[in-house]
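Inside the fold
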Amino acid sequence: MEEQATVSAADIARIADVGRAAVSNWRRRHGDFPAPVGGTASSPLFSLPDIETWLRERGKAFQVSLGDRVWQRLRNLGDDLTLGQRVGRAGSFLSRRGSEDWGHSSRYDDAELLELLERFTVEQGARDAFEFLCERYVEAHSRQLSVTPEPVARLMARLACPEPGVVLDPACGLGTLLLAAGGTRLLGQTDDPTISCIAAHRLLLAGADMEMYGANALPMDSFEGLLADAVICDPPFNEREWGHDELVGDPRWEYGQPPRGEPELAWLQHCLAHVKPGGLVAILMPQVAAGRRTGRRIRGNLLRAGALRAVVTVGGSDLWLLRRPEPGERPPSRLLLLADPSTVEEQWPEHLRGAEVPGAVRIIDLLDEEIDLSPARHQARDEHAGEAFLAVRRRFEGVRFALPSLAASDEKPAFTTIGELLKSGVLTVPEVVEEGDVVASPSVPAYVHSGVSETVEPPMSKYRTDPGRLDAAFLAGCLRAAGQVAPSTSTRIDLKRTRIPRYPIETQRAYGEAFTRLAAFENALREAAESGLELVRLGLAGLTEGQLIPEN
C-alpha cells in the first residue's frame, strides 16, 4: 500500500492561507481535526488527504499548489535524514532536463515524482522550481541549516564583488552568497557533501560556470594555491573541532596562529590567502571577535598590514571587509567602523580610495592594549558628530507627511487574481523591466518601476499591464497590501493567488493615486523615524565629546 503524503503545521497554514496560530487553534478547538500520523511531538506530520477533507467539509478555502505536491511527494519518499539527498537528486534531474541523461536516469526514480517535477518545471522554469524545493528544505531543517539572509548576501556581494570575476566562498553552504555575487566563475566548498550537491545544482540552474567540493576547507583545502578576484564567506561560528592542533604553523596563518577558541580568525586568514593582491574579502564574524582578548594580536597585525579595512555591524554579526595588500603598498591610516550599515555602500568606495569619510577611525588610536574594533564602542567618538547632528536635523525637519483623503465605504467589490489576469492577457511577464512595469516579491513592497530598463532576478516578480484595462499603480498597491496583511510566519507568498478588486479603469486610477500617496507617507514615516533615532545618537555623542553645546 502506497504511503500517503504528509504535511507539517507550517504546510497546512500555507495551503489554507492562514497563520500558524490558526492551525494551532484548530487543533485545540476541533476534536475531529486529523490526528498526527508521524513526525514528533514538537513537529507533527498530518495526512494531506485527511487535511484536505477536513478543510473542504468546513468550507475553508485552500489550495495545494503544484509545487507543494512536488515537495510532499519528494518528502514522503524516505525519512528526513535522507531528504537532502533527494532534493539534490531532484536538482540533478532538473539540471539535465531535456538531455538524454534525463530519460535514462528517470527510470531509476519514482515515476509520479518525475511527472510532477516535469509539470512544475513547465509551469515555473527549472531554476525557480528548484529554488522552491530548496526553500522548503531550509524550512524543514531550519534548526540544522544556517542560511545567510538574502539582503545581507546581496550587500556582501556588492561590497566585495564590484566587478565580474572569479569568486570563492570556502564555506558556501547552499550557495546563497555565490548566487548573490554572480561573477564569471564561482567556486564553492562546504563540509557537507549533500549540501554541496544542492548548492552545485542551484548554481548550475542559474547558468553559472562553477566548481564545487564537499569537504571542510580548513583541514582539506580543495582550492589550494588558487587566488580569486574576491572571496565572500559566512563561516560557522564557535566551531570547536576545526583542526587547531593539526594546522599549527599552516602557511595560511600569515597574521598569526588562530587561537583554539577563535576559528573565525582561521576562516578569515584562509579567505585572505585565497584572494589576489588588491582583491577584496567580505566575511561575517561574530561580534565578540572584534574585541576578544585572545585575538588581539591577529587584529593588530591585520591593522598594521592594512589588510583589514572596515568593520560594519549587520544584524547580530559584524561584516569584516578586507583587502589583500599589494607588495610594497603603503598601509592605510584609518579603519572604517560603522554600527549602522545604511551608509556603507556610499562610504566604502571612497574609503578604499583614501578619502576621509564619517566613521573612519585612525588606526594608531586603535592599537592599544585591547585593539577593540567593535563599531558600537567607537561610534560615540565620531569626530563629525556635531556637523552630522545639524545635517540630520535639517533632513528631519524637511520630512513632509501627506495622507490621502479616504472615506469609509460598505462596498464589497468582486475580485480576480493575478493568475487569472495573466491568463486573460491583461497582465504579461516581460523579459526586461521597463518604465511603468510593476515589480514585486514576497519580501519587498511592490512598486512601479521608473527610469532605465533593467533585469531583475528571482525571487522578484515583474508584470506589465494593459494600461487600458489595468492601472499599474493600482496593481502595485494591491500587491503591496497583500504583502503587508499576509501572515508573518509565512515563508513564501504565492503572488499569483493575490486577489485584485474588479473596478473600471477610471476607479483604478483613483485608487492607484491613493496607493501611491500612502506609499509616500510610509516612506516619510520611515525616514522620520530613522532620522530621529540618528539625531538622538549624534546628539548624545556630540554632547559627550564636546562637539555640541546647549544653546540656552
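Residues numbered from 1 in each chain as written. Predicted model: local features only at pLDDT ≥ 70, side-chain atom pairs only at ≥ 80, totals over all residues. Heavy atoms only, no water.

1. Details of the nonpolar core
- Counting 40 residues, the largest nonpolar core has L272, I283, L302, L308, W320, L322 and L373 as its most contacted members.
- Sorting the residues of this core by element identifies β7 (228–233), α12 (263–273), β8 (275–286), α13 (296–305), β9 (308–314), β10 (317–323), β11 (334–338) and α15 (363–366) as the ones contributing at least two each.
- When residues in this core are grouped by element, the largest group, six residues, is from α12.
- In this structure L272 touches Y255, V281, L302, A307, L322 and R324, once residues within four positions along its chain are discounted.
- Core analysis: the next-biggest nonpolar cluster, separate from the first, contains 36 residues, M156, V167, M210 and A282 among them. (Core = buried A, V, L, I, M, F, W, Y, C linked by side-chain atoms within 4.5 Å. Buried < 20%, exposed > 50% of the residue type's maximum accessible area, 1.4 Å probe, protein only. Helix = DSSP H or I, 4+ residues; strand = E, 2+ residues; numbered from the N terminus. Contact = heavy atoms within 4.5 Å.)

2. Quick notes on the packing of aromatic side chains
- Per the counting criterion, the structure on display carries 10 aromatic pairs.
- Ring geometry for F33 versus W54: centroids 4.9 Å apart, planes at 70 degrees, classification edge-to-face. With F33 in the loop between α2 (20–29) and β2 (38–39) and W54 in helix α3 (residues 48–57), this pair connects stretches of sequence that are 21 residues apart. The two residues F33 and W54 agree in class, both being buried.
- Measuring from centroid to centroid gives 5.4 Å for F120 and F132, while their planes differ by 75 degrees, and the two rings are edge-to-face. In this pair, F120 sits in helix α7 (residues 111–124) while F132 sits in helix α8 (residues 126–140), placing the two residues 12 residues apart along the sequence.
- Given the relative accessible area of 7%, F132 is considered buried. (Phe/Tyr/Trp six-rings, centres within 6.5 Å; stacked < 30°, edge-to-face > 60°.)

3. Considerations on the pattern of salt bridges
- Within this structure, the stated rule accounts for 31 salt bridges.
- Across the salt bridge formed by D11 and R14, the nearest N and O atoms sit 2.4 Å from each other. Placement of the pair is D11 and R14 together in helix α1 (residues 9–15), with a separation of three residues, close to one helical turn.
- With relative accessibility at 3%, the residue D11 sits in the buried group. (Salt bridge = Lys/Arg side-chain N within 4 Å of Asp/Glu carboxyl O.)

4. A word on the sheet that holds β11
- Spatial ordering of the open sheet is given by β6-β5-β4-β7-β8-β10-β9-β11-β12, a layout of nine strands whose pairing is mixed. Edge positions in the sheet fall to β6 (210–214) and β12 (360–362), since each has one partner strand and no second. Averaged over all pairs of adjacent strands, the angle between strand axes in this sheet comes to 15 degrees, irrespective of strand direction.
- Judged from the three bridges that link them, β11 and β12 form a sheet pairing that is antiparallel. Each bridged residue has a counterpart across the sheet, and for L336 the counterpart in β12 is A360.
- Against the sheet, helix α11 (residues 193–205) contacts β5 (185–190) and β6, and its axis sits at roughly 170 degrees relative to β6.
- Across the sheet, α12 is in contact with β7, β8 and β10; its angle to β8 comes to roughly 160 degrees. (Pairing = 2+ DSSP bridges. Axes fitted to C-alpha atoms, helices over the stretch in contact; angles between N-to-C directions.)

5. Looking at the pairing of strand β4 (residues 166–169)
- Bridge count between β4 and β5: four bridges; the pairing is parallel. Directly across from V166, in β5, lies its bridge partner R185.
- Once you follow β4 into helix α10 (residues 176–181) and on to β5, the crossover reads as right-handed.
- Relative to β7, β4 is paired through two bridges, and the arrangement is parallel. Paired with L168 across the bridge in β7 is V231. (Right-handed = clockwise from strand over helix to strand, strands pointing away.)

6. A word on the side chain of H201
- As for its position among the elements, H201 is in helix α11.
- Given the relative accessible area of 12%, H201 is considered buried.
- Within polar-contact distance, the side chain of H201 engages the side chain of S95 at 3.1 Å.
- The contacts of H201, once residues within four sequence positions are left out, are G88, G91, S92, S95 and F130. (Polar contact = N/O pair within 3.5 Å; in protein donor to acceptor, adjacent residues only side chain to side chain.)

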